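# Examining the three-dimensional arrangement
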Amino acid sequence: MTLDEATRQLADAGIDNPRAEARLLLAHVLGISRDQTLTTQPTPDQSARYADLITRRAGHEPFAYITGRKEFWSLDFEVGPGVLVPRPDTETLIEEALRVVPDRTARLRIADLGTGSGAILIAALKEFPNAHGIGFESSPEAHPWASANAARLIGTRAQIRPDDWAAAQGPFDLIFSNPPYIPSGEIESLMPEVAASEPHAALDGGADGLAAYRNLAELLPGLLAPGGHALLEIGLGQAQSMASLFSGLEMLRIAPDLSGIPRCVILRNPKEILGKPGPIG
Ligand code: GLN
């Protein structure tokens, strides 16, 4: 299959950037850079494999599931069916963490509630080299991805627990979460890549999309260390209703993503230090 044929097949299927994706998938099959795709001829075997991947993409399988990789915070994550593909918007949570904790050498205790691929936790641990963290992921399909990414990219500073985040025991200095927040009734209207392939457990936030935040609003005050911060991802239009749930914590700000959409709610535990912090776990 030629690049032109592949581009046409993707365009006919309604894929947004058919030429760019056709080149990237060819580069993936040939193990070369995108620039070399115009000058490298595939062998018949490679051509057949390429045709197969193009057909999968034309069927709106997520691009990242086909290549098995997705970049997040300039790190290379392994992903596949069963785990949410990390989104560029979610990098906002890391940027904001660097603002609320300017000291990169801090010995932070970090938690990521619903860690999925481990992207947020692992990116945060890269930025804070003396920090340790735990990612909670209750989905048996998702947590092996997080474990593999953590082992490959970070090592023992990251622990992945195959548990619901209700199992978390603080105190933590930083808590991240990109919980499911799409209202149940809107899932089917998402892009086919998302609706048909990505795990609904990572997307479905109940009737109004806020179910996970209600749960987090109950748990976070008991999990955050005094002065600790929580950075939570929100969806389009959720800032006001979501923020009103967190009465026990101080709301510092709501940060926009690169498109200007309010994306990250930053909360702080204002409580004084009352006793010695317990073990991380
Ligand atoms: N940002 C994702 C999407 O729009 C949703 C992720 C989530 O529910 N946390 O597809």
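Structure first, text after, so check above.
Numbering of residues starts from 1 in every chain and runs along the sequence as written. Only residues with pLDDT of at least 70 are given local features in this predicted model, and only at 80 or more are side-chain atom pairs given and counted; all residues enter the totals for whole chains, interfaces and linings. Side-chain metrics rest on all non-hydrogen atoms present in the structure, leaving aside hydrogens and water.

### Some details on the environment of T115
Each helix is a run of DSSP H or I of at least 4 residues and each strand a run of E of at least 2, with the numbering of both proceeding from the N terminus. Considering the arrangement of structural elements, one finds T115 in the loop between β3 (109-113) and α6 (119-127). Burial classes: relative accessible area under 20% of the type maximum marks a residue as buried, over 50% as exposed, and values in between as partly exposed (1.4 Å probe, protein chains only). For T115, a relative accessible area of 7% translates into the label buried. For the pair T115 and S139, spaced 24 residues apart in sequence, the C-alpha to C-alpha distance is 9.9 Å. Separated by 2.7 Å, the side chains of T115 and D112 make a polar contact. Nitrogen and oxygen atoms within 3.5 Å of one another constitute a polar contact, given that in protein one can donate a hydrogen and the other can accept it, and given that sequence-neighbouring residues count only through two side-chain atoms.

### Let's talk about the side chain of N149
Its place among the elements puts N149 in helix α7 (residues 143-153). Excluding residues within four positions of it along the chain, N149 makes contact with F77, E78, S117, I122 and I154. Throughout, a contact is declared for two residues whenever any of their heavy atoms are within 4.5 Å.

### Let's talk about the packing of helix α1 (residues 3-12) against helix α3 (residues 44-58)
For helices, the axis comes from a line fit to the C-alpha atoms of the stretch in contact; other axes are also lines fit to C-alpha atoms, and the angle between any two N-to-C directions lies between 0 and 180 degrees. Two numbers describe how α1 lies on α3: the axes approach to 9 Å, and their chain directions differ by 15 degrees. Here α3 runs roughly parallel to α1, going by the angle between their axes. Helix-helix and strand crossings are classified by hand; for α1 and α3 the assignment is right-handed. Contacts between α1 and α3 involve L3, A6, Q9 and L10 from the first element and Y50, I54, T55, R57 and A58 from the second. Here the word oblique covers every angle except those under 35 degrees (roughly parallel), over 145 (roughly antiparallel) and from 65 to 115 (roughly perpendicular). For any helix crossing, the convention is left-handed if the near helix is rotated counterclockwise from the far helix by under a right angle, and right-handed if that rotation is clockwise.

### What to know about α3
Multiplying one less than the number of residues by 1.5 Å gives the expected span of a helix. Counted at 1.5 Å a residue, the expected span for α3 with its 15 residues is 21 Å, and the 21 Å between its end C-alpha atoms agrees. Restricting attention to buried positions, one finds in α3 the residues S47, Y50, L53, I54, R57 and A58. For α3, the angular spread of the buried residues around the axis is 140 degrees, confining them to a single face. Exposed residues on α3 whose side chains face more than 90 degrees from its buried face are P44 and D45. Where α3 is buried, its residues contact α1, α2 (18-30), α4 (63-67) and α8 (192-197). Downstream of α3 by one or two residues, H60 has phi in the positive range, about 65 degrees. By construction, the arc corresponds to the directions joining the helix axis to the C-beta atoms.

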